[in-house]
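Topology and contacts: notes
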Amino acid sequence: MTAVSKIPLEPTVENGFLNPLPAMEVEVYDGIDTDRHRTGAGTFPAADTYITDRNVVEQSWAEQLSEKGVDIHENQSITRTDFHEFTDEYDLVVDATGQPSLSSKALGTTNEYSGYMVALNSDVEGDFTELYPNSRIILENYTGYSWAFPKTSQRANVGIGWTVSDRPSDYMKALREACKRNGWPVPSQERTNVAIIPEGPSLDPDRTHLPEHSVVRVGDAAGIANRLTGKGISQAVESGFLAAELANRGQLHNYPDRLYQRMKTEYIFATVVRYSLHVADYGIIHSYYARREQ
């Protein structure tokens with residue numbers, strides 16, 4: 001997790017924060033074939049970043065909220081009918097249901113998002129002594145990367161992600177092959193998670209707040225994950241706090257512009273980097289900024 005200071009929990013092991021990440025090791029290869037060549041490498045410090053057991057972090061946060069009187073209902077699906085009942089009954093509904101969001105599904109607007117990435121990850125056991133406590137990202141000549149994030153010297157989260165234009169036909173096969181060529185344990189399909197991540201910004205800012213339905217969207221639902229790295233937790237936390245702050249002040253109408261201004265620098269940087277890598281879909285985000293500046 002990045003931007004850990006934004007999360008209102010003590011960064012302790014008991015709360016799921018296993019260790020601060022000293023540095024990220026990056027390796028660049030010219031492809032994924034067996035005869036590939038390493039074309040570059042570097043080590044970069046990681047500020048305000050922890051390797052976490054995310055489920056423990058979320059459980060600790062839920063317990064803290066429960067102690068403050070917030071009712072939490074776990075493992076409960078929400079239907080479109082439920083959504084409309086909520087928007088009729090409550091002053092505000094915060095939609096944090098990912099992309100495409102429940103709001104989009106209920107309103108029949110799932111096509112309003114412009115792009116997404118696919119990522120697979122799994123916790124595995126093995127010998128990560130050589131890497132721990134650092135983490136490693138492997139760039140292999142596609143728009144995306146594979147990774148190993150050690151949680152201990154004997155356990156790590158490994159995964160791979162792609163933009164939709166570069167995704168393979170068989171996700172699990174691609175993950176297994178990435179683990180083999182990078183010397184990581186190969187996870188089982190049963191223990192592997194699949195996630196859809198927005199190529200942020202992938203939603204028109206004006207659609208992040210739907211006052212006619214008393215809905216505000218945060219995190220992936222608002223289409224604001226980083227389009228270069230795929231990270232989205234810090235953006236989700238920041239957008240959630242921003243929505244709460246503005247709602248408390250009766251200024252929720254300012255949410256789309258405030259959110260855009262907060263994320264603009266990060267998006268521009270990610271766009272420039274991807275453009276320098278000759279990413280074909282640059283026109284999507286370029287037209288997005290053109291619309292916002294008009």
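Report on the accompanying structure. All values derive from a computational prediction rather than experimental measurement. (Residues numbered from 1 in each chain as written. Predicted model: local features only at pLDDT ≥ 70, side-chain atom pairs only at ≥ 80, totals over all residues. Heavy atoms only, no water.)

Topic: the sheet that holds strand 12 (residues 215-217)
Here is the rule we go by: Two strands are said to pair when DSSP picks up at least two bridges between them. Counting from the N terminus, the helices are DSSP H or I runs at least four residues long and the strands are E runs at least two residues long.
The strand order 5-12-11 describes an open sheet built from 3 strands, whose pairing is mixed. The open sheet has two edge strands, strand 5 (93-95) and strand 11 (209-210), and neither has a second partner. Inspection of the sheet shows strand 11 paired to strand 12 by 2 bridges, in the antiparallel sense. The partner of His209 across the bridge, within strand 12, is Val216.

Describing the nonpolar core
We count it as follows: The set of buried Ala, Val, Leu, Ile, Met, Phe, Trp, Tyr and Cys residues whose side-chain atoms join them within 4.5 Å is what this entry labels a nonpolar core. Note on exposure labels: buried denotes an accessible area under 20% of the residue type's maximum, exposed denotes more than 50%, and partly exposed covers the range between, all computed with a 1.4 Å probe on protein chains only. Whether two residues are in contact is decided by their heavy atoms: any pair within 4.5 Å suffices.
Counting residues in each nonpolar core, the largest one holds 19 residues, and the members touching the most others are Leu120, Val158, Ile160, Trp162, Leu175 and Trp184. Of all the secondary-structure elements, those providing two or more residues to this core are strand 6 (116-125), strand 9 (155-163) and helix 4 (171-182). Tallying contributions element by element places helix 4 first for this core, with 5 residues. Contacts of Ile160, omitting those with residues within four sequence positions, involve Val118, Ala119, Leu120, Tyr142, Tyr145, Ser146, Trp147, Ala174, Leu175, Ala178 and Arg181. Counting residues in hydrophobic clusters, the runner-up holds 12 residues, among them Val216, Tyr255, Leu259 and Met263.

Considering the pattern of salt bridges
Cut-off, in case you're wondering: Each reported salt bridge corresponds to a side-chain nitrogen of Lys or Arg within 4 Å of a carboxyl oxygen of Asp or Glu.
In this structure the tally under the stated criterion is 17 salt bridges. One salt bridge connects Asp53 with Arg155, and the closest N-O pair in it is separated by 3.2 Å. Linking Asp53 in the loop between strand 4 (50-52) and helix 1 (54-67) with Arg155 in strand 9, this pair joins segments that are 102 residues apart in sequence. On the basis of relative accessible area, Asp53 is assigned to the buried category, the value being 13%. Each of Glu25, Glu27, Arg38, Glu130 and Arg136 takes part in a single network of salt bridges with overlapping partners.

What to know about the environment of Phe17
For Phe17, the location among the structural elements is in strand 1 (residues 17-20). Separated by 32 residues in the primary sequence, Phe17 and Thr49 have C-alpha atoms spaced 9.6 Å apart. Dropping the residues within four chain positions of it, Phe17 is found in contact with Met1, Val4, Ile7, Leu9, Glu10, Pro11, Thr12, Tyr50, Ile51, Thr52 and Val57.

A word on the side chain of Glu27
Using the following cut-off: Polar contacts, as counted here, are pairs of nitrogen or oxygen atoms within 3.5 Å of one another; within protein the pair requires one atom able to donate a hydrogen and one able to accept it, and residues that are adjacent in sequence qualify only if both atoms are side-chain atoms.
Along the polypeptide, Glu27 turns up in strand 2 (residues 23-29). A distance of 2.8 Å separates a polar atom in the side chain of Glu27 from a polar atom in the side chain of Tyr29.

Brief notes about helix 5 (residues 233-249)
Heads up, the condition is: Expected span of a helix: the number of residues minus one, times 1.5 Å.
Along its 17 residues, helix 5 runs 25 Å from first to last C-alpha, staying within 8% of the 24 Å computed at 1.5 Å per residue. Buried residues of helix 5: Ser234, Gln235, Val237, Glu238, Ser239, Leu242, Ala243 and Leu246, and no others. Two residues or fewer after helix 5 comes Gly250, characterised by a positive phi angle close to 70 degrees.

Looking at the sheet that holds strand 9
To summarise the sheet geometry, strands pair through backbone hydrogen bonds and adopt either a parallel or an antiparallel arrangement. Selection rule: Helix axes use the C-alpha atoms of the stretch in contact, all axes being lines fitted to C-alpha atoms, and the angles between their N-to-C directions lie in the range 0 to 180 degrees.
Spatially, the 7 strands line up as an open sheet ordered 3-2-7-8-9-6-10, and their pairing is mixed. The sheet is open, and its two edges are formed by strand 3 (38-45) and strand 10 (193-198), each paired on a single side. Taken pair by pair, the neighbouring strands of this sheet meet at an average axis angle of 20 degrees, ignoring direction. Pairing between strand 2 and strand 3: 7 bridges, direction antiparallel. Directly across from Glu27, in strand 3, lies its bridge partner Ala41. Where helix 4 meets the sheet, its contacts fall on strand 6, strand 7 (135-139), strand 8 (144-152) and strand 9, and the angle it forms with strand 9 comes to roughly 125 degrees.

Quick word on the packing of aromatic side chains
Which entries qualify depends on this criterion: Only centres within 6.5 Å qualify two rings of Phe, Tyr or Trp (six-membered ring in Trp) as a pair; their planes then separate them into stacked at under 30 degrees, edge-to-face at over 60, and tilted for everything else.
Under the defined criterion, the tally for this structure stands at 5 aromatic pairs. The interplanar angle of 80 degrees and the centroid separation of 5.7 Å between the aromatic rings of Phe17 and Tyr50 together place this pair among those described as edge-to-face. With a gap of 33 residues between them, Phe17 in strand 1 and Tyr50 in strand 4 connect regions that are remote in the sequence. For the pair formed by Phe17 and Tyr50, the shared burial category is buried. Grouping aromatic residues by their ring pairs yields a cluster made of Tyr145, Trp147 and Phe149.

Comments concerning a nonpolar patch on the surface
Short version of the rule: The patches reported here contain residues having more than 30% relative accessible area and no salt bridge. Joining distances are 9 Å for like charges and 5 Å for nonpolar side chains (Val, Leu, Ile, Met, Phe, Trp, Tyr). Using the Shrake-Rupley algorithm and a 1.4 Å probe, accessible areas are obtained, with residue cover drawn only from the displayed protein chains.
There is a patch of nonpolar side chains on the surface, built from Leu65, Val70 and Ile72 and spanning about 200 Å² of accessible area. Relative to the assigned elements, Ile72 resides in the loop between helix 1 and helix 2 (80-89).

As for the side chain of Asp95
Put simply, the rule is: In this charge count, Lys and Arg are treated as positive and Asp and Glu as negative; neither His nor the chain ends contribute.
Tracing the sequence through the fold places Asp95 in strand 5. Despite its burial, Asp95 pairs with no opposite charge, the nearest such side chain being Arg217 at 5.4 Å. Once you skip the residues sitting within four places of it in the chain, Asp95 turns out to touch Ser101, Leu102, Ser103, Val215, Val216, Arg217, Val218 and Ala221.

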